[in-house]
Amino acid sequence: MEVNNIKQDLLINEQIRVKEVQVIDNEGNKLGKMNTHDAVNIAMDKNLDLVLVSSNIENPVCKLMDYGKYKFEQSKREKESKKKQKTFELKELRVTPNIEEHDFNFKIKNAKKFLSEGNKVKITVRFRGRELNYVKLGEQVLNKFIEELSEISTLEKKPLLEGKNMFIILASNNK
């Protein structure tokens, strides 16, 4: 006894509840309209499955195929298309409004590395305690980041204050 653990999207063999179907064989030749039970028998004789490919009410169409092989090919195509998609991550750099020059340069170096890899960079200025009174300082720091990285990135989101954090989002120029 053979057990198939295939996730089914289409109806196959005995699952098809229509009396008559239009049948296409595995080479693509039309076999015409026939009783579903007879079509299933033909499929079994050829060691194939009868698959309902179009569930049109007036004219349902079934095809003789190896359903397991069909699903395998379909999953391979999906994986292949996912490989070709460009994915990016949002990398975050956190700074304070009174950041020192060396720390700033270090953060710039990291941001350049992230942007060159094609990722987006979110630079967040975190205000602690009384620093919230000096929001302009944080905005100046973010503008300095924008200025330093303007050659390799574009500003996607302007400086925005949310709670105790102000942030910008930069995207890489090279697509």
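Before any of the text, the structure's been laid out above.
None of the values given here were measured: they were computed from a predicted structure.

1. Details of the sheet that holds strand 5 (residues 90-95)
Right, on to step 1. Read from one edge to the other, the open sheet built from four strands follows the order 5-6-8-7, with strand pairing classed as mixed. The open sheet has two edge strands with one neighbour each: strand 5 and strand 7 (153-162). Looking at each pair of strands side by side, their axes are set apart by 20° on average, direction ignored.
Right, on to step 2. As defined by bridge partners, strand 7 adjoins strand 8 (residues 165-172) across seven bridges and the pair is classed as antiparallel. Looking across to strand 8, one finds that leucine 160 is bridged to phenylalanine 167.
Right, on to step 3. Helix-sheet contacts for helix 3 (residues 101-116) involve strand 5, strand 6 (120-126), strand 7 and strand 8, and the interaxial angle to strand 5 is about 175°.
Right, on to step 4. Helix 4 (residues 135-148) rests against strand 5, strand 6, strand 7 and strand 8 of the sheet, and its axis sits at about 10° to strand 8.

2. With respect to the sheet that holds strand 2 (residues 30-35)
Right, on to step 1. Overall, mixed pairing links the four strands, which are arranged 2-1-4-3 in an open sheet. Each having just a single partner strand, strand 2 and strand 3 (49-54) make up the two edges of the open sheet. Each strand of the sheet is rotated relative to its neighbour by a mean of 35°, with strand direction disregarded.
Right, on to step 2. Across the sheet, helix 1 (residues 36-45) lies against strand 1 (20-24), strand 2, strand 3 and strand 4 (61-65), angled at about 130° from strand 2, the strand it touches most.

Cut-off values and rules
Residues numbered from 1 in each chain as written. Predicted model: local features only at pLDDT ≥ 70, side-chain atom pairs only at ≥ 80, totals over all residues. Heavy atoms only, no water. Pairing = 2+ DSSP bridges. Helix = DSSP H or I, 4+ residues; strand = E, 2+ residues; numbered from the N terminus. Axes fitted to C-alpha atoms, helices over the stretch in contact; angles between N-to-C directions. Contact = heavy atoms within 4.5 Å.

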